[in-house]
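Notes for the structure review
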Amino acid sequence: YSRWNDLALTQWAEDGTRDANGQFCYLRDMESDHLWSNTLQPTGVHADSYSAVFAQARAEFSRTDGGIQTRTRIAVSPEDDIELRRVRITNLSKRTRRIEVTSYAEVVLARPSDAAAHPVFNKLFIETRIVRARQALLAQRRPRADDEFTPCMLHMLTMRGGVWGEVTYETDRAQFIGRGHTPAKPLAMQGKQTLTASEGATLDPVLVIRRVVELEPGGSAT
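Just so we're clear, the structure is a prediction, and the values are computed from it rather than from any experiment.

**A word on the sheet that holds strand E15 (residues 200–201)**
Strands sit in the order E12-E11-E10-E15 across an open sheet of four strands; the sheet is antiparallel. Strands at the two margins of the open sheet, each flanked by one partner only, are strand E12 (152–156) and E15. Where strand E10 (residues 126–131) and E15 come together, two bridges link them in antiparallel fashion. In the sheet register, Thr128 faces E15, and the bridge partner there is Gly200.

This is the structure in structure tokens:
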């Protein structure tokens, strides 16, 4: 999850049993419909190989699933208010693969104590906007007073390598997770479900960006 000074940017709650909260990246094989994530959470799918390394300046996660290798590096800039999550996907198999990549984060933009005390009320004041020219989503808190500080955050996807398809977006958690589903297996990650490109004020704001990458055998994309 992410914080800026005393503000929580994305949702997180301590859970010593499930440890299933945070900021995620889903991957899905478009041919087999196999769903997994670049880290163990939230899908809980066990990989063919897996490692996690926590260093002073970064966190790194590596895994291999059915001939697809993902290497994730997470770091925070020491100079700017930027968090980088770099995911490198490599096709280790002998056939062309199309992998759907989907980011997911629940927006808070408030002090953790305030959000925990009034979670529903807190979400009512957050608005989202799609910035297609930057392949990004902007979330901002509406002020309740003229002199109130209104933080905002930008969630952006950039890429290189591979052949990338159209970028799609979602900012409504109910649309993404679906009734009766959980982040471990959201409705929007099943079959041919599409993202709705919702924006504005929603009851439960999230930041979701999706793109499909096509990889030749031995090819990589970042």
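**Focus: the side chain of Ser62**
As for its position among the elements, Ser62 is in strand E6 (residues 59–65). Residue classification places Ser62 among the buried residues on the basis of a relative accessible area of 17%. A polar contact of 3.4 Å, which involves the side chain of Ser62, links it to the side chain of Arg71. Apart from residues lying up to four places away in sequence, Ser62 is in contact with Ser49, Tyr50, Ser51, Thr70 and Arg71.

**Observations regarding the environment of Arg63**
Turning to its location among the elements, Arg63 is positioned in strand E6. Sequence separation between Arg63 and Tyr104 is 41 residues, and the spatial gap between their C-alpha atoms is 19 Å. Among the polar contacts made by the side chain of Arg63, one reaches the main-chain carbonyl oxygen of Ser37 at a distance of 2.9 Å.

**Thoughts on the layout of surface pockets**
Computed from the structure, the second largest pocket encloses a volume of approximately 310 Å³. Looking at the second largest pocket, it is lined by 15 residues, and the ones nearest its centre are Ala110, Arg111, Asp114, Arg144 and Glu148. Broken down by class, the residue content of the lining of the second largest pocket amounts to seven nonpolar, two polar and six charged.

Quick notes on the rules
Residues numbered from 1 in each chain as written. Predicted model: local features only at pLDDT ≥ 70, side-chain atom pairs only at ≥ 80, totals over all residues. Heavy atoms only, no water. Pairing = 2+ DSSP bridges. Helix = DSSP H or I, 4+ residues; strand = E, 2+ residues; numbered from the N terminus. Buried < 20%, exposed > 50% of the residue type's maximum accessible area, 1.4 Å probe, protein only. Polar contact = N/O pair within 3.5 Å; in protein donor to acceptor, adjacent residues only side chain to side chain. Contact = heavy atoms within 4.5 Å. 1 Å grid on protein atoms, 1.4 Å probe; cavity = no way out; pocket = protein on both sides within 12 Å on 5 of 7 lines; lining within 4 Å. Points joined across faces, edges and corners; volume = space filled by probe spheres on them. Nonpolar A, V, L, I, M, F, W, Y, C, P; charged D, E, K, R; others polar.

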